[in-house]
Structure formats: structure tokens, C-alpha cells
Amino acid sequence: MVFTRGIPGARGADHIGFNVPDLDAATDFLVNVIGCEEVHPNGPFSSEDDWMASHLDIHPRSVTKRMKLFRLGHGSNFEVFEYTAPDQTDYRPKNSDMAGHHIAIYVDDIDAAIDHLKAHNVTVFEKTIIESGPTLGESWCYFKTPWGLYMEVVSYPNGKAYERTHVGRKLWDPRTPSE
């Protein structure tokens, strides 16, 4: 058997999916604090057979109570679910846990973004300013959504140091989304 490198035809991330305990509260946060546009709702979804288990690797009696899709600027869409399931847990992974994760949002002015989050009583951690290495010129700051998802605001208005000397493909840059 011959294996090829990468998924054939892959073009980029279409959406980032995550679960929330209360879709109305999450919608308020995503729209009014983050700045997403709500594009459309969907659901509910459930199944009397093993569809949920065979397609999503979750309990067969799981129910997607509601789901909404959001758009944020030029980046990936958000697909947000409110589930119930017989074996559902309330565990929220830390960044250091296996399958821990975060969503980073590019901003033009990181200090204005941090001030905005604080004004909305969001839990904001300390800002990091990169002072050397390939990402010199970048600043970032983690914050936590009301339901416990880690997110980050990141900014590098003058680019990153590696871009000035790197030959070849560079990382996608939200400042110039069509490149």
C-alpha cells in the first residue's frame, strides 16, 4: 500500500467545534464579548440506534439539544454544541492535560483587547511579550470563557522575526488572509 503525505485536497480548517453548558450564555459571550456573528442555529439531534456512537464516538443516547455556527472575522468558524448524555462529565481540561487545547484570536491591539476582556469581567491571565527567537514581535495573553474554555488573544503587528529570514512557506497570517 502506498501512503501519501497529508489528507488529499485539504485546504484548511473549516471550523472549530466545542461544547458549552448553556448555549444562550455562550452566544451572548461569543457575540457581545468576542465579536462573532451568529450565522445559523441547528438541532436538536438524537438517535434511537447507535448513530451517535458510530459517528461521533459518544454515548448512543446522547442528544445535541442545540447547536449554532458562528463566524469571527477571517478565521475559522465556531461550531458550538449544547449536549446532554447519560455519561456526560463536567471535566474541563487544563492546557497541560492530554487533549488540552485553546483557541487563539488575532487582534490588532493586544492591550485594547485585554482591557475589553477585563471590562467584561473575563478571567484574564498575564500578558507575554516575546523578546527573542523566531516569534520576536509577538505578544499574547490567555483568558478563560465563562464555561472554562481557554482562549488567547495574540498580536504581532510588525510580523514575527522568523519571517525576515525564513525561506519557503510561512505560517498563515490573519493580517493578510488571502496570502
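Residues numbered from 1 in each chain as written. Predicted model: local features only at pLDDT ≥ 70, side-chain atom pairs only at ≥ 80, totals over all residues. Heavy atoms only, no water.

### Concerning the overall build of the chain
Okay, so step 1: A count of helical and extended segments in the chain gives 4 helices and 9 strands.
Okay, so step 2: The dimensions of the chain, computed from C-alpha atoms along their principal axes, are 55 × 55 × 30 Å.
Okay, so step 3: Counting all 179 residues of the chain, 33% fall into the buried class.
Okay, so step 4: Restricting the contact set of the chain to residue pairs at least 6 apart, pairs at least 24 apart contribute 51%.
Okay, so step 5: Here the chain holds 17 positive side-chain charges and 26 negative ones, and the gap between their average locations is 5 Å. (Helix = DSSP H or I, 4+ residues; strand = E, 2+ residues; numbered from the N terminus. Buried < 20%, exposed > 50% of the residue type's maximum accessible area, 1.4 Å probe, protein only. Contact = heavy atoms within 4.5 Å. Lys, Arg positive; Asp, Glu negative; His and termini not counted. Charge placed at Lys NZ, Arg CZ, Asp CG, Glu CD.)

### Comments concerning the state of the cysteines
Okay, so step 1: On inspection of all chains with the given rule, the structure shows 0 disulfides.
Okay, so step 2: We note that Cys36 lacks a disulfide partner, and the nearest cysteine sulfur, in Cys141, lies 18 Å from it. (Disulfide = S-S within 2.5 Å.)

### Observations regarding unusual backbone geometry
A negative phi angle characterises most non-glycine residues, just as the trans form characterises most peptide bonds.
Okay, so step 1: The omega torsion of the bond from Gly43 to Pro44 falls at 5 degrees, within 30 degrees of zero and hence cis.
Okay, so step 2: Positionally, Pro44 belongs in the loop between strand S2 (37-42) and helix H2 (51-56).
Okay, so step 3: Even without being a glycine, Asp57 presents a positive backbone phi close to 60 degrees.
Okay, so step 4: The residue Asp57 is located in the loop between H2 and strand S3 (63-71) in this model.
Okay, so step 5: Even without being glycine, Asn121 reaches a positive phi, approximately 60 degrees.

### Description of the packing of aromatic side chains
Okay, so step 1: One pass over the structure, following the stated rule, counts 7 aromatic pairs.
Okay, so step 2: Taken together, a centroid distance of 5.6 Å and an interplanar angle of 65 degrees make the contact between Phe18 and Phe78 edge-to-face. Taken together, the residues Phe18 in strand S1 (residues 15-19) and Phe78 in strand S4 (residues 77-84) connect sequence positions 60 residues apart.
Okay, so step 3: Classification of Phe18 by relative accessible area gives buried; the value is 6%.
Okay, so step 4: A residue is classified by how much of its surface remains accessible, and Phe78, at 3% relative accessible area, is buried. (Phe/Tyr/Trp six-rings, centres within 6.5 Å; stacked < 30°, edge-to-face > 60°.)

### Here we look at the sheet that holds S3
Okay, so step 1: The 4 strands are arranged S1-S4-S3-S2 in an open sheet whose pairing can be described as mixed. Of all strands in the sheet, those with a lone pairing partner are S1 and S2, marking the two edges. Mean inter-strand twist for the sheet, computed between neighbouring axes without regard to direction, equals 20 degrees.
Okay, so step 2: As judged from the 5 bridges shared by S1 and S4, these two strands associate in the parallel manner. What sits directly across from His15, in S4, is Asn77.
Okay, so step 3: Helix H1 (residues 23-34) contacts S1, S2, S3 and S4 of the sheet and is inclined by roughly 10 degrees relative to S3. (Pairing = 2+ DSSP bridges. Axes fitted to C-alpha atoms, helices over the stretch in contact; angles between N-to-C directions.)

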